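Residue-level structure breakdown
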Amino acid sequence: MTTAPKQKLKSSVQRALRQNLLATYPLMTPVIDEILPKKSSLESMKLPDRNTLYVLDNEPLFYQQDGTGLLPHLRLVHRFPQAFPTIRIDRGAIRFVLSGATLMAPGLTSKGGRLPVDGAPGLVEGKEMEQSVDEEGRWSRELEKGEPVVIMAEGKEEACAVGTLIMGTAEVKEKGKGPVVEDAHFLGDGLWKLSTD
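Note on numbering: residues in each chain are counted from 1, in written sequence order. Note on the predicted model: pLDDT of at least 70 is required for a residue's local features to be given, and 80 or more for side-chain atom pairs to be given and counted; whole-chain, interface and lining totals, by contrast, use all residues. Side-chain descriptors were evaluated using all non-hydrogen atoms of the structure, hydrogens and water having been removed beforehand.

As annotated by UniProt and renumbered to match this structure, "domain: PUA" (unreviewed entry) occupies residues 85-188. In this text, helices come from DSSP runs of H or I with a minimum length of four residues, and strands from runs of E with a minimum of two, each type numbered from the N-terminal end. End C-alpha to end C-alpha, residues 85-188 measures 21 Å, and it is 17% helix and 24% strand. UniProt positions are given in the numbering used here, feature names are shortened, and annotations may be inferred rather than shown by experiment.

Set out below in structure tokens:
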């Protein structure tokens, strides 16, 4: 993957990014100063396909495709797994997701898959910090189309992919078929292997 040289971001841009991150991922609030220390020098790298990767001390944090929302790099998800909403695929879907295939509903609705608890509420304003994953691996609220999501895998400790939902979780349960996440960043892809030195 060819990249342009890193560019330091102005402090005003860093502040705006920080606010955007906290608005998108409220569960990052307790760890935001660890992820983005106030006096840090965040850098951006232009990648192919109009992607931008945000890097701090050579550690990839987030990426953005074509001006869309910020998605966490898997290395950040592995450091702070509790900060991001999750869904879980069954064992059978793992190899497909790790080869870059679109995540399809059956990988989530099967016995090994995990979607939010049935009857889970949507996001309640003022209660953003009360969402979490239960001991069965189910997120505490329904996730909406367009929301970023971390993809866990049955039998694995760490996340295997991250992407944006193209179908809300309530609809996935209802339909049981169709694409759920496209163009995910997954373990072993170009973004994972990219050197940020």
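Among all residues save glycine, negative phi is the norm, and among peptide bonds the norm is trans. Despite not being glycine, aspartate 57 shows a phi value in the positive range, around 50°. Here aspartate 57 shows up in the loop between strand 3 (51-56) and strand 4 (59-65). Look at aspartate 183: it is not a glycine, yet its phi comes out positive at around 50°. By the secondary structure assignment, aspartate 183 is in strand 10 (residues 179-186). Only protein chains enter the calculation, and the probe is 1.4 Å; a residue is then buried if its accessible area is under 20% of its type maximum, exposed if over 50%, and partly exposed in between. Residue aspartate 183 is classed as exposed on the basis of its relative accessible area, which comes to 63%.

Attention now goes to the side chain of serine 40. If you trace the backbone, serine 40 turns up in the loop between helix 2 (32-35) and strand 2 (42-47). Looking at serine 40, the relative accessible area reads 13%, which means it is buried.

As a further point, take the sheet that holds strand 4. Spatially, 1-2-3-4-5 is the arrangement adopted by the five strands of the open sheet, whose pairing is antiparallel. Each having just a single partner strand, strand 1 (7-8) and strand 5 (70-72) make up the two edges of the open sheet. Summarising the sheet, strand 4 and strand 5 pair through three bridges and their orientation is antiparallel. The residue of strand 5 that forms the bridge with phenylalanine 62 is proline 72. Working rule for contacts: check all heavy atoms of both residues, and any pair within 4.5 Å makes them a contact. Lines fitted to the C-alpha atoms define the axes, with helices restricted to the stretch that makes contact. Angles between their N-to-C directions range from 0 to 180 degrees. The strands that helix 1 (residues 11-24) touches are strand 2, strand 3, strand 4 and strand 5; relative to strand 5, the one it contacts most, it runs at about 70°. Paired strands, as defined in this entry, are two strands with at least two bridges between them according to DSSP.

Of all the six residues making up strand 8 (residues 148-153), six are buried; the element is thus mostly covered by neighbouring parts of the structure. In this sheet, strand 9 (residues 161-165) lies alongside strand 8 in antiparallel orientation, the contact comprising four bridges. The partner of proline 148 across the bridge, within strand 9, is threonine 164.

Here we come to the sheet that holds strand 9. Here five strands make up an open sheet; going across it, the order is 6-8-9-10-7 and the pairing mixed. Unpaired on one side and paired on the other, strand 6 (86-89) and strand 7 (103-104) mark the two borders of the sheet. By the bridge criterion, four bridges tie strand 9 to strand 10 in an arrangement that is antiparallel. Of the residues in strand 10, the one forming a bridge with alanine 161 is phenylalanine 186.

The next point concerns the environment of glutamate 142. Within the fold, glutamate 142 resides in the loop between helix 5 (106-109) and strand 8. Separated by 20 residues in sequence, glutamate 142 and glycine 122 place their C-alpha atoms 5.2 Å apart. Once you skip the residues sitting within four places of it in the chain, glutamate 142 turns out to touch Pro116, Val117, Ala120, Pro121, Gly122, Glu147, Thr169, Ala170 and Lys173. A polar atom in the side chain of glutamate 142 sits 2.5 Å from the side chain of threonine 169. Polar contacts here mean pairs of N or O atoms no more than 3.5 Å apart (in protein, one a potential hydrogen donor and the other a potential acceptor; neighbouring residues in sequence count only if both atoms are side-chain atoms). One polar contact links the side chain of glutamate 142 to the main-chain amide nitrogen of alanine 170, over a distance of 3.2 Å.

Before going further, it helps to examine the packing of aromatic side chains. The geometry of two aromatic rings is summed up by the distance between their centres and the angle between their planes. Centres within 6.5 Å are what make two rings of Phe, Tyr or Trp a pair, Trp counting through its six-membered ring; a difference in plane orientation under 30 degrees is then read as stacked, over 60 as edge-to-face, and the rest as tilted. Tallied over the entire structure, the rule returns two aromatic pairs. With a centroid separation of 5.1 Å and an interplanar angle of 75°, the aromatic rings of tyrosine 25 and phenylalanine 84 are classed as edge-to-face. Here tyrosine 25, found in the loop between helix 1 and helix 2, pairs with phenylalanine 84, found in the loop between helix 3 (74-79) and strand 6; they are 59 residues apart in sequence, far enough to count as distant. This pair shows no difference in class: tyrosine 25 is buried, exactly as phenylalanine 84 is. Joined through ring pairs, the aromatic side chains of Tyr25, Phe62 and Phe84 make up one cluster. The residue whose ring lies beneath arginine 75 is tryptophan 192, and the NZ or CZ to ring-centre distance is 3.9 Å. Should the NZ of a Lys or the CZ of an Arg lie within 6 Å of a ring centre and within 35 degrees of the ring normal, that charge is described as sitting over the ring.

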